[in-house]
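Here's the letter readout for the chains.
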Amino acid sequence: MRESVSLTIDGRASSTDAGITVAAALENAGVRACRTSVSGEPRGALCAMGICFECRVTIDGAAHRRACMELVREGMRVETGGAGFPVSSFRFQEGTETLACDVAVVGAGPAGVAAACRAAEAGARTVVLDEGLAPGGQIHRHLPAAAPPEAARPWLERLARSGAIVRAGASVFDAVAYDGGWRLSAETPGGSCRIRARCIILATGAREHFLPFPGWTLPGVMGAGGAQALAKTGGALGGRTAVVAGSGPLLLPVAATLAKMGVDVAIVAEQAGLASLARFTAVLAGFPGKLLEAARYRSRFFDTPYRAGTWVAEARGNGRLESVILTDGAQRFEVPCDLAAIGYGLVPNTELARLLGCAMRAGAGAVWVDERQQTSLPGVFSAGEPCGIAGVDVAIAEGQAAGLAAAGRLDETAEWRGLAVVRARGRRLAAAMDRAFEPRPELARLARPDTIVCRCEDARLASLSSCASAREGKLTSRAGMGPCQGRVCGPALAFLFGWDSDTVRPPARPALVGNLVASE
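Quick summary incoming for the structure in this document. None of the values given here were measured: they were computed from a predicted structure. Along every chain, residues carry numbers that run from 1 in the direction the sequence is written. Per-residue local features are limited, in this predicted model, to residues with pLDDT of at least 70; the limit for side-chain atom pairs, both in listing and counting, is 80 or more; totals at the level of whole chains, interfaces and linings are taken over all residues. To get the side-chain values, all heavy atoms of the structure are used, and hydrogens and water are removed first.

### Quick look at the overall build of the chain
Heads up, the rule is: Strands are runs of DSSP state E lasting at least two residues, helices are runs of H or I lasting at least four, and both sets are numbered from the N terminus onward. Radius of gyration: C-alpha atoms only; globule rule: 2.2 Å multiplied by the number of residues to the exponent 0.38. Buried residues are those whose accessible area, probed at 1.4 Å on protein chains only, stays under 20% of the maximum for their type, while exposed residues exceed 50% and partly exposed ones sit between those limits. Note on areas: Shrake-Rupley, 1.4 Å probe, and residue coverage restricted to the protein chains presented here. Residues scored as positive are Lys and Arg, those scored as negative are Asp and Glu, and His as well as the terminal groups of each chain are ignored. Charge positions are represented by NZ for Lys, CZ for Arg, CG for Asp and CD for Glu.
The helix and strand tally for the chain stands at 14 helices and 28 strands. Against the 2.2 N^0.38 benchmark of 24 Å for 520 residues, the chain shows a C-alpha radius of gyration of 22 Å, consistent with a compact globule. For the chain, the C-alpha atoms occupy an extent of roughly 60 × 60 × 55 Å along the three principal directions. Sorting the 520 residues of the chain into buried and exposed places 56% on the buried side. Accessible area of the chain: about 21,200 Å², with a carbon and sulfur share of 53%. Computing the positive centroid from 56 side-chain charges and the negative centroid from 50, the chain places the two 2 Å apart.

### A look at the nonpolar core
Put simply, the rule is: To qualify as a nonpolar core, a set must consist of buried Ala, Val, Leu, Ile, Met, Phe, Trp, Tyr and Cys residues joined through side-chain atoms within 4.5 Å. Should any heavy atoms of two residues lie within 4.5 Å, those residues are counted as being in contact.
Core analysis: the biggest nonpolar cluster contains 90 residues, and Val 22, Leu 26, Val 244, Leu 258 and Val 324 have the highest contact counts within it. Broken down by element, the residue count for this core peaks at six residues, all from helix H5 (residues 251-260). Apart from residues lying up to four places away in sequence, Leu 26 is in contact with Ile 9, Val 31, Cys 34, Val 57, Ala 67, Val 78 and Thr 80. In this structure, Ala 111, Leu 156, Leu 159 and Ala 405 belong to the second largest nonpolar core, which totals 36 residues.

### Quick word on the packing of helix H9 (residues 392-406) against helix H10 (residues 414-436)
Here is the rule we go by: The angle between two axes is taken between their N-to-C directions and runs from 0 to 180 degrees, where each axis is a line fitted to C-alpha atoms and a helix contributes only its stretch in contact. Crossings are classed by handedness, with left-handed meaning an anticlockwise turn of the near helix from the far one by less than a right angle and right-handed meaning a clockwise turn. For this classification, the nonpolar set comprises Ala, Val, Leu, Ile, Met, Phe, Trp, Tyr, Cys and Pro, the charged set comprises Asp, Glu, Lys and Arg, and every other residue, Gly included, is treated as polar.
As a packed pair, H9 and H10 sit with axes 9 Å apart at the nearest point and diverge in direction by 145°. Between H9 and H10 lies a crossing of left-handed hand. Mapping the contact onto sequence places Asp 393, Val 394, Ala 397, Glu 398, Gln 400, Ala 401 and Leu 404 in H9 and Glu 415, Leu 419, Val 422, Arg 423, Gly 426 and Arg 427 in H10. Of the residues in the contact of H9 with H10, the class split is six nonpolar, two polar and five charged.

### Overview of unusual backbone geometry
Negative phi values dominate among residues other than glycine, just as trans dominates among peptide bonds. That bond from Pro 506 to Pro 507 is cis: its omega, -5°, falls within 30 degrees of zero. Relative to the elements of secondary structure, Pro 507 occurs in the loop between helix H13 (489-497) and helix H14 (513-518). The phi angle at Ala 48 is positive, at roughly 55°, despite the residue not being glycine. Secondary-structure assignment places Ala 48 in the loop between strand S4 (42-43) and strand S5 (56-59). Given a relative accessible area of 2%, Ala 48 falls into the buried group. One non-glycine residue, Asp 60, adopts positive backbone phi at about 50°. By the element assignment, Asp 60 lies in the loop between S5 and strand S6 (62-66). Exposure remark for Asp 60: the relative accessible area of 34% places this residue in the partly exposed category.

### A closer look at the sheet that holds strand S7 (residues 77-79)
Here is the rule: Think of it this way: DSSP has to see at least two bridges between two strands before they count as a pair.
Pairing is mixed in the open sheet, where five strands are placed in the order S2-S1-S7-S5-S6. Since the sheet does not close on itself, it has two edges, and those belong to strand S2 (12-17) and S6, each with one partner. Strand-to-strand twist across the sheet, computed as the mean angle between neighbouring axes with direction ignored, equals 40°. Across two bridges, strand S1 (residues 4-9) lies against S7 in parallel orientation. Residue pairing across strands places Ile 9 opposite Val 78, the latter belonging to S7.

### So, the sheet that holds strand S19 (residues 311-316)
With respect to topology, three strands assemble into an open sheet ordered S19-S20-S21, the strand pairing being antiparallel. Bordering the open sheet on either side are S19 and strand S21 (332-336), each of which pairs with just one other strand. Within this sheet the neighbouring strands show an average axis-to-axis angle of 30°, counted without direction.

### Description of the packing of aromatic side chains
Inclusion rule: Stacked, edge-to-face and tilted are the three classes for Phe, Tyr and Trp ring pairs, Trp counted by its six-membered ring, which pair at centre distances within 6.5 Å; planes under 30 degrees apart are stacked, over 60 edge-to-face, the rest tilted. We call a charge positioned over a ring when the NZ of a Lys or the CZ of an Arg lies within 6 Å of the ring centre and within 35 degrees of the ring normal.
This structure, assessed with the given rule, holds two aromatic pairs. Judged by centre distance (4.6 Å) and plane angle (25°), the rings of Phe 497 and Trp 499 are stacked. The class for Trp 499 is buried, based on a relative accessible area of 10%. In this structure, Arg 455 is placed above the aromatic ring of Trp 216, and the distance from its NZ or CZ to the ring centre is 4.6 Å.

Here is the structure:
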């Protein structure tokens, strides 16, 4: 029998499983809306990974806490819907931890864990900082008290043996050159943390690519990966009716996860056309393991229609999702649902790299690295999705190369050549995937003048249409100036208008004033 905890939600007594996230507890209590937006709209979780800030609630009097990043506690008081700033939310956390190391790794997904293992095993004093509740990244997301996914266990067990120091729940908000090396500033559950490192490895992963359409801000509309993340952190989604839509291979494991939990997956809608999927399948013939994996996922929802060349044109509902309108460009049809899991692939998290001044690959939105995974800045390495979306095998290979290089142990050995082969082969597959699942032009025409594009500031398309750049959009509508700092609307604006992302300034993540002061 599972252990339970008692808490209050908007003044009502509730009981929930211990060890799950607050977002999951709200979902399990039937509470879909977490907050009220600046224009008075109800909002629910979108990414469930700490990126979008849509699931902000007040916890024990502290406002604007991300429900997906907090675990439930006995006696916790959770309040939803508030838009104000109680005085108690302006608080200083006591305690500043200072760590000195040879290699600091930002991110504990597959790339970061592999990098930390190899660096620490090579004798480098290694520190790992990750915003998640436990190491593993989004692909191996799990609750701290739960066993990690089987695929992640060998590397996580290796990390535990490596001697690397791991700080979970650490959000890095600044990075600067310091005394011949680098200094990172992070916010942790216990206060602030300053790390002084000879080298740093940026393994900051990726986030979902969201595109705006009418109704996409309704509670119940989530990212495809967001719905999966909510399920992984305790959300009991069984009994709901879902539409899984968007683009890319991620739709298959998301639909499989939801179906396994007892969700009625009404349809999976892939915006890429049949011809594109056929060409990609032909490429996959050279990767039989990937084909088998896709077939396994599809078998878990074999009775659900899978429609290519189909996308969500609109979401409808009164205060929460009730249905979506799907289209193939020629006809529209309505599908009743209370959960829509929609995502258009992934976007590299490059904010820290850009803050440091690392060169980016032209037109790719990814960090440039050499064959040793070193960026344009000596002593700064990057691995995995920040270098371009290419999957877990490439992330692990690049992480190993970066860890060995940062520790000064990457020589042109047979192992190094083997890692390079894995990377090159995976990057070729990733290029084919990008071509197959490129968002179609029709998606840029879904948003209406009154459709919200920036969810943090409720900036609508009409207020942005006359702007010439992301910077002008900020000045006229505050688009990109909310707590997510453009991580949601930035890629959407790039797709809609072709705008480049505006400059990155510290703090790269929201942080308490006390922790900003402590970082100086």
